[in-house]
Amino acid sequence: MSARKRRFQVHFTERPTDYMAIGGQLLSDQPERDVVTVNVLVMDGDWPNDARKQVLENILGSLTKVLRVPEPSPTWWVSFQVIEEGSWGSRGSVLSILDLLDSGVFTDEKIKAIKQYAQTKKHP
């Protein structure tokens, strides 16, 4: 594990059961269900499928552990979404993942991979 600080923002939003549906039926009209939706949003960068898979499995495993259940529920959904370059705004303007490379969040190895990825996106 890298000595660098891990910085993540986690936002929790609880929704009433009459705001969600499964199979076209409101959850408020069904027997009580354990429904969890997690959306991981990242800036466009070097996110190979094996890294995405690991993130999804880690989240599902952590939920299983925290909720003290033997396995993830089929009503838990986790998605990994990449926000295209030019589509993420912060600090009063459009932000690029390249703007964050000196923030201390990424390892040297990840910085190199992101820079390589950015070069291939500019010159396919």
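This text goes with the structure placed above it.
The text that follows walks through the structure, step by step, so that each part is easy to find.

So, how was this worked out
- Residues numbered from 1 in each chain as written.
- Predicted model: local features only at pLDDT ≥ 70, side-chain atom pairs only at ≥ 80, totals over all residues.
- Heavy atoms only, no water.
- Helix = DSSP H or I, 4+ residues; strand = E, 2+ residues; numbered from the N terminus.
- Buried < 20%, exposed > 50% of the residue type's maximum accessible area, 1.4 Å probe, protein only.
- Contact = heavy atoms within 4.5 Å.
- Phe/Tyr/Trp six-rings, centres within 6.5 Å; stacked < 30°, edge-to-face > 60°.
- Lys NZ or Arg CZ within 6 Å of the ring centre and 35° of its normal.
- Salt bridge = Lys/Arg side-chain N within 4 Å of Asp/Glu carboxyl O.

1. Let's talk about the overall build of the chain
Here's step 1: Scanning the chain from terminus to terminus reveals two helices and six strands.
Here's step 2: Expressed as a percentage of its 124 residues, the buried residues of the chain come to 23%.
Here's step 3: Pairs at least 24 residues apart make up 59% of the contacts formed inside the chain by residues separated by at least 6 positions.

2. Structural notes on the packing of aromatic side chains
Here's step 1: Tallied over the entire structure, the rule returns one aromatic pair.
Here's step 2: In this arrangement the basic side chain of Lys-110 is found over the ring face of Trp-47, its NZ or CZ atom lying 4.3 Å from the centre.

3. Side note on the pattern of salt bridges
Here's step 1: Going through the model one piece at a time under the given rule, you end up with two salt bridges.
Here's step 2: Lys-110 is the salt-bridge partner of Asp-46, the closest N and O atoms lying 3.5 Å from each other. Of this pair, Asp-46 sits in the loop between strand S3 (36-43) and helix H1 (49-66) while Lys-110 sits in helix H2 (residues 108-122), placing them 64 residues apart in sequence.
Here's step 3: Asp-46 gets classed as partly exposed once you look at its relative accessible area, which sits at 22%.

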